[in-house]
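Structural description and commentary
One-letter residues, chain by chain:
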Amino acid sequence: MTRLVNDPSDFPAEALKGFIAANKRYVKPVYGGVVRSTATPEGKVAVVYGGGSGHYPAFAGWVGHGFADGAVCGNIFSSPSGAQAYSVLKAAHRGAGVLMGFGNYAGDVLHFGQAIERLRAEGIDADTLVVTDDIASGSKDELEKRRGIAGDFPVFKITSAAAEAGLGFEEVKRIFAKANAATRSFGVAFAGCTLPGATGPLFTVPDARMGIGLGIHGEPGVDETGLGRADEVARTLVEGLLADRPAEAGDRCIAIVNGLGATKYEELFVVTGSVVDQLAAAGIECADVESGEFVTSLDMAGISLTLVWVDDELLGYWDAPCDSPAYRKGSVGQVARDDTALNREAAAVTVSTPGAPESQAAAARIVELLDEVAAMLADAEEELGRLDATAGDGDHGIGMVKGSKAAVAAARAVAGQGAGASTTLTAAGDAWSDQAGGTSGALWGAMLTAVGSALGDDQAPTTSGIAAALRAALAAVQRLGGAEVGDKTLVDALAPLVTAFDATDGSLHDRAAAAVTAAEAGAESTKALQARLGRARPLGEKSVGVPDPGAVSLARIAAVVAAHA
């Protein structure tokens, strides 16, 4: 467990503050994370990596010459917001484009995608680099659905070296794609990790057993087997990866034995020796071997093996020198410092055009409703976390509370400046997305913004206008997340809510009540579903039997709002 904690909700920010203080040679703070404190020449393609905290040395530990230009740092196991990603990417930009790398997690896809779209709108070349190395999270026929786990480390190191060598935007992307396609990872867990402030782990593994195919956000394995000797664990990992060997792979690889946070280095070394022997017996040459902690999961007891099937080009970039807080190769020589001051706070929202009086009155009511929603979510935080821990990472309750509190504060601030309903909801959506992180943060940010856009600032909301706003919210969620009814997501509650509201005759109260009933039924229906999207998808049938926490929280929020219709 994590013993040295002040306020658990402040743990990621306090850890980042201490990391920066201890690594001023390499990094300096910017809103959303860190960038290099060393000088970087104009005309270099910038590569930034990021995701939730709890994985050190990923991702801030890789910022430095020859490696990353910056890192976006979210809450524990939770995606940073689009605004945070935009801030770090913009600070790292040196005129030749920016690339945002991350593991293949829904919240990251949504938030980082938003940041990329914003940069493109400003005329900056920008794109995402999505690592998909985890063989346990998808079949050979659906490589694009696989998670990014410890393969983040070698893939990003190789990509960074290509950017440092001066390759152009498209060439750096080509090297990334080549490295990602050549990388496979497989892991096992002996004990689950515990979130800061929590009293127990996100999952447990029986004595003398191990979970097969773990995730790095506290997800349990997709299967379970006996623990066995170190050689047998190594064999499980090696045989699993050789069975998934890329068709174009040669007979050379980089082997990386990664500890998940609570596995001793001596144990890692024992397994490393066995891995090398078994690869040699299979006719595989280890061009390089690394053993240590590269992508962790707080205090999870576990181990993963990554193989990168290399040719001369990839191996050359892997061997290129780099100097970062957590990883060094060769010598990068003398590197000048960059003392440019950067913005470390989120931009404040101001109201330039007041809303119509009727819309201002609606905005005041929206603030009251958001306040009630935040209070309800605070009461339900522990329950929502338990639901999420069954087939996710246990942070849904935490994220929803942080997001809703931030939304109330932002809405109150702009409503106090005379904002109408649209501006108030947009500010609330931005704040929710920014502070909650994760998939739910991005989706609730998008929903509030879509509802606000539909309602406008120039009139009081009407029943038909609310119906259009709900349809816009559903469209925004499906456009961003790609979910359909039956995927075991909040769409299973939102879609029937919208349908029922549209199909019911009568007063606003009657339509709202029907919508809530449909949403609650939709949320309940997710118990029987097997997850087809998100972090629970790799768990298959293990996700059956528990309702989707996002659908549950949406139905409860709808009930709070409908009570005042």
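These figures come from a predicted structure and were not determined experimentally.

Things to note about the packing of helix H5 (residues 169-181) against helix H8 (residues 312-319)
One way to put it is that H5 packs onto H8 with a least axis distance of 11 Å and a crossing angle of 105°. Of the possible angle classes, the one that applies to H5 and H8 is roughly perpendicular. On the side of H5, the interface is formed by Arg 174, Ile 175, Lys 178 and Ala 179, while H8 contributes Glu 313, Leu 314 and Tyr 317. Tallied by class, residues from the contact of H5 with H8 come to four nonpolar, no polar and three charged.

Some points on the UniProt feature "coiled-coil region" (unreviewed entry) in the protein chain
Feature annotation in UniProt assigns "coiled-coil region" (unreviewed entry) to the following positions: residues 363-390. Summarising residues 363-390: 100% helix, 0% strand, and an end-to-end C-alpha distance of 37 Å.

A short note on the sheet that holds strand S12 (residues 301-309)
Pairing within the open sheet is mixed, and its six strands lie in the order S9-S8-S7-S12-S10-S11. The sheet is open, and its two edges are formed by strand S9 (223-226) and strand S11 (285-292), each paired on a single side. The sheet shows a mean angle of 20° between the axes of neighbouring strands, direction not considered. Sheet contacts for H8: strand S10 (252-259), S11 and S12; angle to S10, the most-contacted strand, approximately 40°.

As for the sheet that holds strand S3 (residues 46-53)
Strands sit in the order S1-S2-S4-S3-S5-S6 across an open sheet of six strands; the sheet is mixed. Among the strands making up the open sheet, the edge pair consists of strand S1 (27-30) and strand S6 (126-131). Across the sheet, the axes of successive neighbouring strands diverge by a mean angle of 25°, strand direction being ignored. For S3 and strand S5 (residues 98-103), the ladder comprises four bridges, and the chain directions are parallel.

Topic: helix H7 (residues 265-281)
The end-to-end C-alpha distance of H7, which contains 17 residues, comes to 24 Å, matching closely the 24 Å that a straight helix rising 1.5 Å per residue would cover. For H7, every residue scored as buried is listed here: Leu 268, Val 271, Thr 272, Ser 274, Val 275, Gln 278 and Leu 279. Elements in contact with the buried residues of H7: helix H6 (230-243), S10, S11 and S12. Of the residues flanking the end of H7, it is Gly 283, one or two places downstream, whose phi is positive at about 80°.

Let's talk about the packing of aromatic side chains
In this structure the tally under the stated criterion is 14 aromatic pairs. An angle of 10° between the planes, with centres 3.9 Å apart, marks the rings of Tyr 49 and Phe 156 as stacked. Residue Tyr 49 is located in strand S3, and its partner Phe 156 is located in helix H4 (residues 152-164); the two are separated by 107 residues in the primary sequence. Exposure remark for Tyr 49: the relative accessible area of 0% places this residue in the buried category. Over the ring of Tyr 86 we find Arg 118; its NZ or CZ atom is 3.6 Å from the centre of that ring.

Comments concerning the environment of Glu 368
Considering the arrangement of structural elements, one finds Glu 368 in helix H9 (residues 357-391). Using a relative accessible area of 42% as the deciding quantity, one classes Glu 368 as partly exposed. Along the chain, Glu 368 and Val 561 lie 193 residues apart, while their C-alpha atoms are 9.9 Å from each other.

A few points about the pattern of salt bridges
Taken as a whole, this structure holds 33 salt bridges when the rule is applied. The partner of Lys 145 in a salt bridge is Glu 142, and the shortest N-O contact between them spans 3.7 Å. Since its relative accessible area comes to 40%, Lys 145 is described here as partly exposed. Residue class for Glu 142 comes out partly exposed when judged on its relative accessible area of 23%. For Asp 339, the salt bridge goes to Arg 337, with nearest N and O atoms at 3.5 Å. Using a relative accessible area of 47% as the deciding quantity, one classes Arg 337 as partly exposed. Here the salt bridges do not stand alone but share partners, grouping Glu 117, Arg 120, Asp 127, Glu 170 and Lys 173 into one network.

Considerations on the side chain of Arg 146
Structurally, the position occupied by Arg 146 is in the loop between S6 and H4. The exposure class of Arg 146 is buried, given its relative accessible area of 1%. Within the structure, the side chain of Arg 146 is placed 2.8 Å from the side chain of Asp 244, a separation counted as a polar contact.

With respect to helix H11 (residues 421-436)
Under the 1.5 Å per step criterion, the end-to-end length of H11 is 22 Å for 16 residues, consistent within 8% with the ideal 22 Å. Of all 16 residues making up H11, twelve are buried, and the element is well covered by its neighbours. Taken residue by residue, H11 has Ala 421, Ser 422, Thr 424, Leu 425, Ala 427, Ala 428, Gly 429, Ala 431, Trp 432, Ser 433, Asp 434 and Ala 436 as its buried positions. Looking one or two residues beyond H11, the residue adopting positive phi is Gly 437, at roughly 65°.

A look at the nonpolar core
In terms of nonpolar packing, the biggest core is built from 89 residues, with Phe 153 and Phe 156 touching the most fellow members. Per-element tally for this core: the top contributor is H4, with seven residues. Every residue in contact with Phe 156, bar those within four places of it in the chain, is listed here: Tyr 49, Phe 59, Trp 62, Phe 67, Gly 101, Phe 102, Leu 129, Val 131 and Phe 176. Membership of the second largest hydrophobic core comes to 58 residues, among which are Ala 362, Ala 493, Ala 523 and Ala 558.

Focus on unusual backbone geometry
Along the chain, Tyr 56 connects to Pro 57 via a cis peptide bond; the corresponding omega equals 15°. Turning to its location among the elements, Pro 57 is positioned in the loop between S3 and strand S4 (70-76). Positive phi values are uncommon outside glycine, yet Phe 77 reaches one of about 55°. Residue placement: Phe 77 occurs in the loop between S4 and helix H2 (82-92).

Comments concerning the pairing of strand S7 (residues 183-191)
By the criterion of burial, S7 is predominantly enclosed, with seven of the nine residues buried. By the bridge criterion, eight bridges tie S7 to S12 in an arrangement that is antiparallel. Considered in S12, the bridge of Phe 186 is made with Leu 305. Here S7 pairs with strand S8 (residues 209-212) via two bridges, running antiparallel. Bridge assignment links Ala 189 to a residue of S8, and that residue is Gly 211.

A closer look at the state of the cysteines
Counted under the stated rule, the structure contains zero disulfides. Here Cys 73 is not cross-linked by a disulfide; its sulfur's nearest cysteine counterpart is in Cys 322, at 18 Å. Its relative accessible area of 17% is what places Cys 73 among the buried residues. Free cysteine Cys 286: the closest other cysteine sulfur is in Cys 253, separated by 4.3 Å. For Cys 286, a relative accessible area of 21% puts it in the partly exposed group.

Each value, and the rule that gives it
- Residues numbered from 1 in each chain as written.
- Predicted model: local features only at pLDDT ≥ 70, side-chain atom pairs only at ≥ 80, totals over all residues.
- Heavy atoms only, no water.
- Axes fitted to C-alpha atoms, helices over the stretch in contact; angles between N-to-C directions.
- Helix = DSSP H or I, 4+ residues; strand = E, 2+ residues; numbered from the N terminus.
- Parallel < 35°, antiparallel > 145°, perpendicular 65-115°, else oblique.
- Contact = heavy atoms within 4.5 Å.
- Nonpolar A, V, L, I, M, F, W, Y, C, P; charged D, E, K, R; others polar.
- UniProt positions renumbered as here; feature names shortened; annotations may be inferred.
- Pairing = 2+ DSSP bridges.
- Expected span 1.5 Å × (residues − 1).
- Buried < 20%, exposed > 50% of the residue type's maximum accessible area, 1.4 Å probe, protein only.
- Phe/Tyr/Trp six-rings, centres within 6.5 Å; stacked < 30°, edge-to-face > 60°.
- Lys NZ or Arg CZ within 6 Å of the ring centre and 35° of its normal.
- Salt bridge = Lys/Arg side-chain N within 4 Å of Asp/Glu carboxyl O.
- Polar contact = N/O pair within 3.5 Å; in protein donor to acceptor, adjacent residues only side chain to side chain.
- Core = buried A, V, L, I, M, F, W, Y, C linked by side-chain atoms within 4.5 Å.
- Disulfide = S-S within 2.5 Å.

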